[in-house]
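What the coordinates show
Single-letter residue listing:
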Amino acid sequence: MPLIVITGLPRSGKTSRSKELEKYFTELGKGPVHIVSEADCIARSGCGVKESFTDTGKEKQIRASLKSEAMKLLTKSTLVIMDGTNYIKGYRYEIFCMSKNARTTQCTVHCAMTVEQRNARREEIVQSSSSGELDAETFDALCQRYEEPQDTSRWDRPLFTVYGGEEMELARINSALYEQAPLPPNLATQNMPLSATNFLFELDKSTQTIIDQIAAARKIGLDGPVEIPQAGMRAEVPSNMSVAQLNRHRRQFLNYVKMHTNVSSDISKIPAIFVQFLNTNTNGA
């Protein structure tokens, strides 16, 4: 049940690469192969391509739809290809957690462009853009916001970068997906059941205590990592992050836990999971 995450700027050839991968793995007998398309999610949302990248609410909705559809299709006998920009590293980390939790292998295919190729694509957009479609201004903004995958990031590995006109390393991709063991789920990627009657109360209190500890450390001038004894690790959050911002991440964590129904009821594990969540999601993700 492997997962291939396609990432790249608009007009970088993502859909063509997805179809090439679909054809290759189908011919190898690895099917069924499913392509989950960001373009299809945008079309179903009823908004244009430009709006899907400039309206924060619509963009989040489309990302959630893309991930949800991929999750539904991940089975023991299928290969799923996520064809989208997938340009936010925090979002790619969420996908990584999803595949780990499903105990499947995963790789990332980066459809990269040289400066010349990017300029040529921009000129094509200028010449052909119409109302609701991608325009040069939005394309430029995406170029600035795009967080390129890195081979040093565990959620992007193994990473295969391919430029326009180059051949994909199909055999190596096949090896990465079918000849490697999937990573085991860890504390940060396991779902936790809300089985204890006071679990939600303890969850709220435990996470709030950690936010208070970080705030207290900042108040006395400690700008570096904050030791969280009950978690057995340090909270490495930016020193300029306000309590309001920290609480926003805390609410995201609480919502995540409430939406999943098979998390450990051992409340003693929550501090470590929450600190891992903060460390991942507050450092540029």
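As annotated in an unreviewed UniProt entry, the protein chain is Protein KTI12 homolog from Anopheles quadriannulatus. In UniProt, the protein chain has this text filed under Sequence similarities (unreviewed entry): "Belongs to the KTI12 family."

Scanning the model with the defined rule gives 16 salt bridges in all. Three or more residues joined by partner-sharing salt bridges are found here, namely Arg11, Arg121 and Glu124.

Under the definition given, this model contains six aromatic pairs. Centroid distance Tyr24 to Phe25: 5.1 Å. Interplanar angle 80 degrees. Geometry classified as edge-to-face. The buried category is assigned to Phe25, whose relative accessible area is 0%. Consider the rings of Tyr93 and Trp155, whose centres lie 5.5 Å apart with planes at 85 degrees: the pair is edge-to-face. Taken together, the residues Tyr93 in helix H5 (residues 89-101) and Trp155 in the loop between helix H7 (136-145) and strand E5 (159-163) connect sequence positions 62 residues apart. According to the relative accessible area criterion, Tyr93 is buried, its value standing at 10%. Taking relative accessible area as the criterion, Trp155 reaches 16% and is therefore assigned buried. Against the face of Tyr178 rests Lys30, its NZ or CZ located 4.3 Å from the ring centre. Lying across the ring of Tyr91, Arg63 places its NZ or CZ 5.8 Å from the centre.

Ordered in space as E2-E3-E1-E4-E5, the five strands form an open sheet in which the pairing is parallel. Each edge of the open sheet is held by one strand with a lone partner, namely strand E2 (33-37) and E5. Taking each pair of neighbouring strands and ignoring which way they run, the sheet shows an average axis angle of 20 degrees. As judged from the five bridges shared by E2 and strand E3 (residues 79-83), these two strands associate in the parallel manner. Note that in E3 the partner of Ser37 across the bridge is Asp83.

Cut-off values and rules
- Residues numbered from 1 in each chain as written.
- Predicted model: local features only at pLDDT ≥ 70, side-chain atom pairs only at ≥ 80, totals over all residues.
- Heavy atoms only, no water.
- UniProt positions renumbered as here; feature names shortened; annotations may be inferred.
- Salt bridge = Lys/Arg side-chain N within 4 Å of Asp/Glu carboxyl O.
- Phe/Tyr/Trp six-rings, centres within 6.5 Å; stacked < 30°, edge-to-face > 60°.
- Buried < 20%, exposed > 50% of the residue type's maximum accessible area, 1.4 Å probe, protein only.
- Helix = DSSP H or I, 4+ residues; strand = E, 2+ residues; numbered from the N terminus.
- Lys NZ or Arg CZ within 6 Å of the ring centre and 35° of its normal.
- Pairing = 2+ DSSP bridges.
- Axes fitted to C-alpha atoms, helices over the stretch in contact; angles between N-to-C directions.

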